[in-house]
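Here's the letter readout for the chains.
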Amino acid sequence: MTEQQVSGGARAAGGHPEGGALGVERRSIDFVPPEERHGSVRSLFTVWFGANMQVTTAVTGALGVILGLPLPWAIVALTLGNLLGAVFMALHSAQGPKLGIPQMIQSRAQFGFYGAIVPLLLVVLMYVGFFATSAVLGGSALAGWWGIGRTPATIIVSALCTVLAAYGYRLIHQYERWISLIAAVGFLYLTYRLLTGHHVGRVWHSGHVGAGTFLLVMAIAATWQITYAPYVADYSRYLPETTSVRAAFWWTYAGSVIGTVWMMAFGSVCAAVAAKSFEGGSVSFVVGLAGPHWAFSLIIVLGIIAVNVLNLYGMFMSATTTLTALRPMRMNRGVRLGFIVVAAVVGTVVALAASADFLDNFENFILFLAYFLIPWTAINLVDFYFVRKERYDIEAIFRPDGVYGGVNWRTIGAYVIGVAVEVPFVSSTFYTGPLVKHLGGADVSWIIGLIVASVLYYVWMRPVARLAGDAA
C-alpha cells in the first residue's frame, strides 16, 4: 500500500479533533490525522443499511412497476441495477481512511482548487433535492402520527436532522447503528403484513417485458446507488489508516445493497398490489399495513431522519468546501452551526414548495442527477485507483497554489465530454435523446458516461501524474 503525503499545514487547516462520545464534532473539511482516527469498519454497514431502510427508497422501487414492468421483472431490474451501481459507490469508501478528508474536497486533486467548484455546485443541488424529497415523506409520516399539519411536521423533521448534523460524525454513526436494528425489525413485520395481507400471487406474472423499460428501471436503481458517491468518504474518513480497501468496500457495499434491494422490492410489491393507494399516499399506505399503530409511524420518521441527516451533513460539507475556496475562513463551531442551519432552512423551504406530484418529480430528479454525477464519479475513482494510486499531497488540496493548480482543464474537458456523450442516450420525461428510440426507450447514458469519462481522464492525466511523481 502506498503512503500518502501529509504535512503539518493540512493538519492545521481547519480545526480541532472530535469531541467525546456525544461531543460536537470540531473538524469540518480539514484532514483527520492518524492519532484521531477511531471506529470499526463494520460501522459502514449500518450507516448505509440504515440510510436505505426508509420510505424514499421504497418510492423509488415502486417506479419499476409504475413504468410498466411486471412485478417479477421489476424486482430483477432493480436488483441488477443496485448490484452494479453500488460497485462504484462502495469504491469511494476506501478513500476516507486512506486520505482522511471528506469526499468532495478530494475533487480538488482532479479538477483543481477552483475547478472543483463545478462538481461541488451540482452536488449541493443534489443534496438540497434529496433533503427536500425525504422531508416531504417524513413530514407526512409525522403529520399522520401526531395529527398536525404537514408544514409544521416537515419543519420538526428538518430540525431533528439539524441537531444530528450539528453534532456530526460520531453521533451520526451511533444513530444509524440503532436505526438499522429498529428499521430492520419494523420492516420485517411490514413486509410480512404486505405479503400476507394482499394477493401478491395475482400480480406475480411474467407479462410483457420491454427491453428498453427494463434497462430504464435498471438505470434508476444504479443511479440511486451512484448518487451516494459524493457522500461515502464523509463517513469513513475517521477510520484508522490501516483499514483495508477490501474491508471498506464490502461493508459499504453489503449495507447499501441489502437495504436498498429490500426496500425497492417492497415498494414494487406495494405499487403492484395497491397502485392507487400507494401513489396517493405512500407513507399512509406503508404505515397502514400494520394497522393504526404509532410505532410504525415513528419508524418511518426515524428512517427518513437517518437518510436526511446524511443529506444535510453532506450539503454542509460541500457548501463549506465551495465557499472556503472563494473566501478563506476559520470554521469554528459557531460558523459550522450557521452553515448547517442555513442548509437546513434552504432544504426545508424547497420541501414545502415542492410536495405536489411527488413521484413524477422524484423520477425526473434522480435521472437528471445521473447525467452530471456519473462522469464525476468515474474521474474520481480512476484518479484514486489507476492514475495516482492513492498517492496524494493532502496539504496541496487545501492551497490554490498547490501542485493540483487552480483549474485542471484536462479534467474539465473529460468531464464535459462525459456529460455531452450522454445526451443522445438520455431517456426521461423532460428530454429524450435522438438515439433512445433505436434502443426501445432504454436509458444507457450512464454506461456511456462512465466509460468515456474514465478513458479520457486516464489517457490525458496518466502522463501528467507520472511526471509529477504521483503515479507509481
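Predicted model only: the values in this text are computed from it and were never measured. (Residues numbered from 1 in each chain as written. Predicted model: local features only at pLDDT ≥ 70, side-chain atom pairs only at ≥ 80, totals over all residues. Heavy atoms only, no water.)

Novice: In this structure, what is going on with a nonpolar patch on the surface? I would like to understand it.
Specialist: A surface patch of nonpolar side chains, about 710 Å² in accessible area, is lined by F386, I417, I447, I451, V455, Y458, V459 and W460. With six residues, helix α20 (residues 445-468) is the single largest residue contributor to the nonpolar patch. Inspection of the secondary structure puts F386 in helix α17 (residues 358-387). (Patch = residues over 30% accessible without salt bridge, like charges linked within 9 Å, V, L, I, M, F, W, Y side chains within 5 Å. Areas by Shrake-Rupley, 256 points an atom, 1.4 Å probe, with all protein chains shown as cover. Salt bridge = Lys/Arg side-chain N within 4 Å of Asp/Glu carboxyl O. Helix = DSSP H or I, 4+ residues; strand = E, 2+ residues; numbered from the N terminus.)

Novice: Is there a simple way to explain the packing of helix α7 (residues 117-146) against helix α8 (residues 150-167) in this structure?
Specialist: Two quantities define a packed helix pair, namely the angle between the helix axes and the distance between the axes. Running from N to C, α7 and α8 cross one another at 115°; their axes reach a closest spacing of 7 Å. The hand of the α7/α8 crossing is right-handed. Contacts from F131, A135, G138, G139, S140, L142, A143 and W146 in α7 reach R150, A153, T154, I156, V157, S158 and C161 in α8. (Axes fitted to C-alpha atoms, helices over the stretch in contact; angles between N-to-C directions. Left-handed = near helix turned anticlockwise from the far one by under 90°. Contact = heavy atoms within 4.5 Å.)

Novice: Sorry, what's going on with helix α16 (residues 333-353) here?
Specialist: Three or four residues apart is the spacing at which side chains of an α-helix point the same way, because the helix has 3.6 residues per turn. In this model, α16 (21 residues) spans 30 Å end to end at C-alpha, consistent with the 30 Å of a helix rising 1.5 Å per residue. Along α16, the residues that are buried comprise R336, F339, I340, A343, A344, G347, T348 and A351. The buried side chains of α16 occupy one side of the element, clustering within an arc of 160° when seen end-on. Facing away from the buried side of α16, by more than 90 degrees, are the exposed residues G334, V342, V349 and A353. Packed against the buried residues of α16 are α7, α8 and α15 (294-326). (Expected span 1.5 Å × (residues − 1). Buried < 20%, exposed > 50% of the residue type's maximum accessible area, 1.4 Å probe, protein only. Arc of directions from axis to C-beta.)

Novice: What am I meant to see in the pattern of salt bridges here?
Specialist: Should their charged atoms come close, side chains of opposite charge can pair. Overall, the coordinates contain six salt bridges when judged by the stated rule. When the shortest N-O distance is used, the salt bridge between R388 and D383 registers 2.6 Å. When sorted by exposure, R388 lands in the same class as D383, which is buried. Ionic pairing is found between D401 and R399, a salt bridge with its closest N-O pair at 3.0 Å. A relative accessible area of 60% places D401 in the exposed class. What emerges from the salt-bridge pattern is a single network uniting E25, R237 and R336.

Novice: I'm lost on the packing of aromatic side chains in this one. Help?
Specialist: To describe a pair of aromatic rings, you give the distance between the ring centres and the angle between the ring planes. A complete count under the given rule lists 24 aromatic pairs for this structure. Here the aromatic rings of W73 and F214 are separated by 6.1 Å at their centres, their planes lie at 75°, and the arrangement is edge-to-face. Here F214 lies in helix α11 (residues 211-226) and W73 lies in helix α4 (residues 71-91), a separation of 141 residues in the sequence. The exposure class of W73 is partly exposed, given its relative accessible area of 35%. Taking the centre distance of 5.8 Å and the plane angle of 75° together, the rings of F111 and Y415 count as edge-to-face. (Phe/Tyr/Trp six-rings, centres within 6.5 Å; stacked < 30°, edge-to-face > 60°.)

Novice: What exactly am I supposed to notice about unusual backbone geometry here?
Specialist: For residues besides glycine, phi is generally negative; the peptide bonds are generally trans as well. Even without being a glycine, K389 presents a positive backbone phi close to 50°. Tracing the backbone shows K389 in the loop between α17 and α18 (394-397). Positive phi outside glycine occurs at E390, with the angle close to 75°. Tracing the backbone through its elements, the reader meets E390 in the loop between α17 and α18.

Novice: Sorry, what's going on with α7 here?
Specialist: Here α7 is 30 residues long and its end C-alpha atoms lie 42 Å apart, about the 44 Å a rise of 1.5 Å per residue gives. In terms of burial, α7 is a largely internal element, 23 of the 30 residues being buried.

Novice: Even after reading the chapter, I still don't get the packing of helix α3 (residues 55-66) against helix α12 (residues 245-273), so can you show me in this structure?
Specialist: With their axes 6 Å apart at the nearest point, α3 and α12 run at an angle of 50° to one another. Judged on the interaxial angle alone, α12 and α3 are oblique. By crossing handedness, the relation of α3 to α12 is classed as right-handed. Contacts from T57, A58, T60, G61, A62, V65 and I66 of α3 reach α12 at T260, M263, M264, F266, G267, S268, A271 and A272. Taken together, the residues that form the contact of α3 with α12 break down as nine nonpolar, six polar and no charged. (Parallel < 35°, antiparallel > 145°, perpendicular 65-115°, else oblique. Nonpolar A, V, L, I, M, F, W, Y, C, P; charged D, E, K, R; others polar.)

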